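One-letter residues, chain by chain:
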Amino acid sequence: MAITQSQGLRPHMHATARVTAPALTKLGPVSSRLLPSLVVLGAAYTVGSYVRSQLTKEAGTMDRIFSQQNTPEVEKARKQQLQVETNGDPRNNLLNFLGWS
């Protein structure tokens, strides 16, 4: 049996319907495990970088505000109120790790 139609098309198909399916490349076993991990790590790094930059920006803003308010009179009143000589300075407390710079 010889094909009588041109280009091997069926009678009900148009020439434009003859499109080859895109070649899907199969990932190897290493790539299929590595690629999702890299995507997750990249997304986590991006989010972490954004959060860090925002915290740095806000810390700079707060430092500017507090530096205007930290006059010698305010520091003296703070030391009296918090009893820094007897209880220690809460700024140097281990639990105040967010204030470390």
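Owing to the predicted nature of the structure, the values given are computational and were not obtained by experimental measurement. (Residues numbered from 1 in each chain as written. Predicted model: local features only at pLDDT ≥ 70, side-chain atom pairs only at ≥ 80, totals over all residues. Heavy atoms only, no water.)

Peer 1: What exactly am I supposed to notice about the overall build of the chain here?
Peer 2: Helices and strands together make up the secondary structure of the chain, namely three helices and zero strands. Counting helices and strands in the order they occur from the N terminus, the chain gives α-α-α. Evaluated residue by residue, the chain yields a buried proportion of 4% over its 101 residues. Approximately 9,800 Å² of the chain is accessible, and the part contributed by carbon and sulfur atoms is 62%. (Helix = DSSP H or I, 4+ residues; strand = E, 2+ residues; numbered from the N terminus. Buried < 20%, exposed > 50% of the residue type's maximum accessible area, 1.4 Å probe, protein only. Areas by Shrake-Rupley, 256 points an atom, 1.4 Å probe, with all protein chains shown as cover.)

Peer 1: It is not clear to me how unusual backbone geometry should be interpreted in this structure. Could you clarify?
Peer 2: Outside of glycine, negative phi angles account for most residues, and trans bonds account for most peptide bonds. With phi around 50°, Gln83 is a residue other than glycine that occupies positive phi space. Mapped onto the elements of the fold, Gln83 is located in the loop between helix H2 (72–82) and helix H3 (84–87).

Peer 1: Got a minute to help me understand the side chain of Glu75 in this structure?
Peer 2: By the element assignment, Glu75 lies in helix H2. Glu75 gets classed as buried once you look at its relative accessible area, which sits at 19%. In this structure the side chain of Glu75 is engaged in a polar contact, spanning 3.2 Å, whose partner is the side chain of Arg91. Leaving out residues up to four positions away in the same chain, Glu75 has contacts with Asn70 and Arg91. (Polar contact = N/O pair within 3.5 Å; in protein donor to acceptor, adjacent residues only side chain to side chain. Contact = heavy atoms within 4.5 Å.)

Peer 1: Would you take a moment to explain a nonpolar patch on the surface for this structure?
Peer 2: Side chains of Val30, Leu34, Leu38 and Leu41 sit close together on the surface and give an oily, nonpolar patch of about 410 Å² of accessible area. Looking at the element boundaries, Leu38 is found in helix H1 (residues 29–69). (Patch = residues over 30% accessible without salt bridge, like charges linked within 9 Å, V, L, I, M, F, W, Y side chains within 5 Å. Salt bridge = Lys/Arg side-chain N within 4 Å of Asp/Glu carboxyl O.)

Peer 1: Please explain the layout of surface pockets as it appears in this structure.
Peer 2: Rolling a probe over the atoms, with the probe sized like a water molecule, indicates the empty space that remains. Size it by volume and the largest pocket reaches roughly 370 Å³. Around the largest pocket, the lining is made up of eleven residues, and of these Ala59, Asp63, Leu98, Gly99 and Trp100 lie nearest the centre. Grouping the constituent residues of the lining of the largest pocket by class yields six nonpolar, three polar and two charged. (1 Å grid on protein atoms, 1.4 Å probe; cavity = no way out; pocket = protein on both sides within 12 Å on 5 of 7 lines; lining within 4 Å. Points joined across faces, edges and corners; volume = space filled by probe spheres on them. Nonpolar A, V, L, I, M, F, W, Y, C, P; charged D, E, K, R; others polar.)

Peer 1: Explanation requested: the pattern of salt bridges in the structure shown.
Peer 2: Pairing between side chains of opposite charge can happen when their charged atoms approach one another. Tallied over the entire structure, the rule returns three salt bridges. The shortest N-O distance in the salt bridge between Arg78 and Glu75 comes to 4.0 Å. With a gap of three residues between them, Arg78 and Glu75 both fall in helix H2, about one helical turn apart. For the residue pair Arg78 and Glu75, the accessibility class agrees, reading buried in each case. When the shortest N-O distance is used, the salt bridge between Arg78 and Asp89 registers 2.7 Å. Of this pair, Arg78 sits in helix H2 while Asp89 sits in the segment after H3, and the two are eleven residues apart along the sequence. Salt bridges sharing partners connect three or more residues here, namely Glu75, Arg78, Asp89 and Arg91.

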